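# Reading the structure
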Amino acid sequence: MVQTIKIGHSDVASIKLGLGTNKVGGHNLFPGLEDEDGYDLVQEALSDGISLLDTAYVYGLGKSEEIIGDVLQKNDRQKVIVASKAAQDPKDNLKLNNKPAFLKQAVDDALKRLKTDYIDIFYIHFPDDQTDKAEAVAALADEKKAGKIRAVGVSNFSLDQVKEANVDGQVDIVEDNYSLLHRGAEKDLLPYLKANGISFVPYFPLASGLLTGKYTAADAGKFDQFSAEQFDRIIKALDQVRQIADKKQATVAQVMIAWYMADPDVSVVIPGARKAEQVKSNAAALSIDISDKEFKTIDQLFAGF
Ligand SMILES: NC(=O)c1ccc[n+]([C@@H]2O[C@H](COP(=O)([O-])OP(=O)(O)OC[C@H]3O[C@@H](n4cnc5c(N)ncnc54)[C@H](OP(=O)(O)O)[C@@H]3O)[C@@H](O)[C@H]2O)c1
């Protein structure tokens with residue numbers, strides 16, 4: 001049975017697998033994307049039982065939201081959980097802006113592109129360096145009261161900024177860079193979120209594809225954030241994960257996604273995709289069980305990153 005979780009203090013409920021959509025219409029971030037692939041992969045996700053779609057204004061400067069808005073028209077809106085984000089000001093060279101008036105306008109603009117009258121989760125995408133964080137979050141809390149959004153989120157905030165933003169207990173969800181290869185959040189951020197009933201969504205869960213197991217030792221140069229020794233360790237660890245996957249007749253990516261779904265600190269895992277086939281394959285993680293022993297083994301394989 002697929003587990004459902006509640007998002008923060010909101011009434012939004014989701015299964016633990018969503019879809020990241022920065023490669024849906026995100027032409028400004030990734031060269032060579034086709035809109036058709038974006039339409040196909042979003043529809044594939046919804047057809048496969050994935051309900052949460054994670055988008056943002058900056059993915060294609062509205063294009064990702066527009067594609068999702070089109071797909072929503074052909075599906076049951078109530079069954080979809082739309083999460084979007086804003087902070088980059090289109091009228092100021094995409095400079096970060098968390099001012100209440102900007103955020104309220106950003107919600108209205110996103111509603112139009114998404115062709116809907118509510119957004120389930122709305123995040124401040126990045127902190128700016130001027131606005132009081134509690135004031136920024138209060139603007140989104142107003143939008144929640146008005147029924148335009150259902151849950152208030154922040155993304156890329158440091159722990160201190162999250163604490164400042166949550167001074168009135170209004171933050172429902174935090175999205176931050178976290179994966180088995182980027183585990184800094186475990187020390188202080190995740191315990192704070194847990195203690196305050198705030199949900200957590202990790203981005204880059206597949207380390208931009210590295211954790212799917214499709215790269216080999218020869219690809220070290222493509223991931224220059226890791227030293228040669230670290231990359232060697234990652235490839236060896238992935239070989240061990242492949243043995244676990246083989247026993248389940250699963251792929252490494254499916255086992256990785258199932259690992260995050262088994263993690264009580266992760267609310268929803270949102271692997272991104274370039275093609276519908278990747279989504280279809282990743283969605284099969286919904287029927288993969290990870291035992292406690294396998295969970296600990298994988299945890300240990302990537303300890304220290
Ligand atoms: N809040 C923020 O600031 C922030 C920042 C970054 C991302 N995000 C969100 O987080 C989501 C996830 O991050 P991400 O998509 O950048 O990285 P990711 O989930 O770590 O990796 C996704 C990439 O891995 C590859 N992949 C996925 N499934 C695969 C499969 N079954 N087989 C082979 N390759 C596969 C695809 O890239 P290729 O086919 O190109 O290899 C895909 O685009 C994003 O889509 C976005 O919604 C948020």
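Residues numbered from 1 in each chain as written. Predicted model: local features only at pLDDT ≥ 70, side-chain atom pairs only at ≥ 80, totals over all residues.

### Here we look at unusual backbone geometry
- Phi at Leu 94 takes a positive value of approximately 65°, unusual for a residue other than glycine.
- Inspection of the secondary structure assignment puts Leu 94 in the loop between β6 (88–89) and β7 (95–96).
- You will see that Asn 156, though not glycine, has its phi angle at about 60°, which is positive. (Helix = DSSP H or I, 4+ residues; strand = E, 2+ residues; numbered from the N terminus.)

### Structural notes on the pairing of strand β11 (residues 199–203)
- With respect to burial, β11 is a largely interior element, four of its five residues being buried.
- As paired elements, strand β10 (residues 173–177) and β11 share five bridges and run parallel to each other. Bridge pairing in β11 places Asn 177 opposite Tyr 203.
- In this fold, the crossover linking β10 to β11 by way of helix α6 (residues 189–195) has right-handed handedness. (Buried ≥ 20, exposed ≤ 12 C-beta atoms within 10 Å, placed from the backbone. Pairing = 2+ DSSP bridges. Right-handed = clockwise from strand over helix to strand, strands pointing away.)

### Looking at the UniProt feature "domain: NADP-dependent oxidoreductase" (unreviewed entry) in the chain
- Under the UniProt annotation, the feature "domain: NADP-dependent oxidoreductase" (unreviewed entry) is placed at residues 16–301.
- Secondary structure within residues 16–301 divides into 40% helix and 12% strand; the distance between the first and last C-alpha atoms comes to 23 Å. (UniProt positions renumbered as here; feature names shortened; annotations may be inferred.)

### Structural notes on the site of the ligand
- Near the ligand you find 27 residues, and of these Gly 20, Tyr 203, Leu 206, Gly 209 and Gly 272 are the closest.
- Top element by residues in the shell around the ligand is helix α9 (residues 276–283). It accounts for three residues.
- Classifying every residue of the shell around the ligand by side-chain character gives nine nonpolar, 13 polar and five charged. (Near = placed C-beta within 6 Å. Nonpolar A, V, L, I, M, F, W, Y, C, P; charged D, E, K, R; others polar.)

### Regarding the environment of Lys 145
- The topology assignment puts Lys 145 in helix α4 (residues 133–145).
- In this structure Lys 145 comes out as exposed when scored by C-beta crowding, with 9 C-beta atoms within 10 Å.
- Taking C-alpha positions, Lys 145 is 31 Å from Asn 93, a pair spaced 52 residues apart along the chain.

### Some thoughts on the sheet that holds strand β9 (residues 152–155)
- Strand order in this open sheet of seven strands is β3-β4-β5-β8-β9-β10-β11, and the pairing throughout is parallel. Where the open sheet ends on each side, the last strands, each with one partner, are β3 (18–20) and β11. Taken over all neighbouring pairs, the strand axes of this sheet differ in orientation by 20° on average, direction set aside. (Axes fitted to C-alpha atoms, helices over the stretch in contact; angles between N-to-C directions.)

### Section: the packing of helix α3 (residues 100–114) against α4
- The interhelical angle for the contact between α3 and α4, taken along N-to-C directions, is 35°, at an axis separation of 9 Å. Handedness of the crossing formed by α3 with α4: right-handed. Contacts between α3 and α4 involve Pro 100, Leu 103, Lys 104 and Val 107 from the first element and Glu 135, Ala 136, Ala 139, Leu 140 and Glu 143 from the second.
- Split into classes, the residues belonging to the contact of α3 with α4 amount to six nonpolar, no polar and three charged. (Left-handed = near helix turned anticlockwise from the far one by under 90°. Contact = placed C-beta atoms within 7 Å.)

### Notes on the environment of Asp 292
- Mapped onto the elements, Asp 292 comes out in helix α10 (residues 292–301).
- Taking the C-alpha atoms as reference, Asp 292 lies 18 Å from Ala 237; in sequence the two are 55 residues apart.

### Quick notes on α9
- Restricting attention to buried positions, one finds in α9 the residues Ala 276, Val 279, Asn 282 and Ala 283. Looking straight down α9, one finds its buried side chains confined to an arc of 125°; they lie on one side.
- The inward-facing, buried residues of α9 contact β3, α1 (35–47) and α8 (252–262). (Arc of directions from axis to C-beta.)

### Examining the environment of Ile 50
- Here Ile 50 shows up in the loop between α1 and β4 (52–54).
- Residues Ile 50 and Leu 286 lie 236 residues apart in sequence; the distance between their C-alpha atoms is 9.1 Å.

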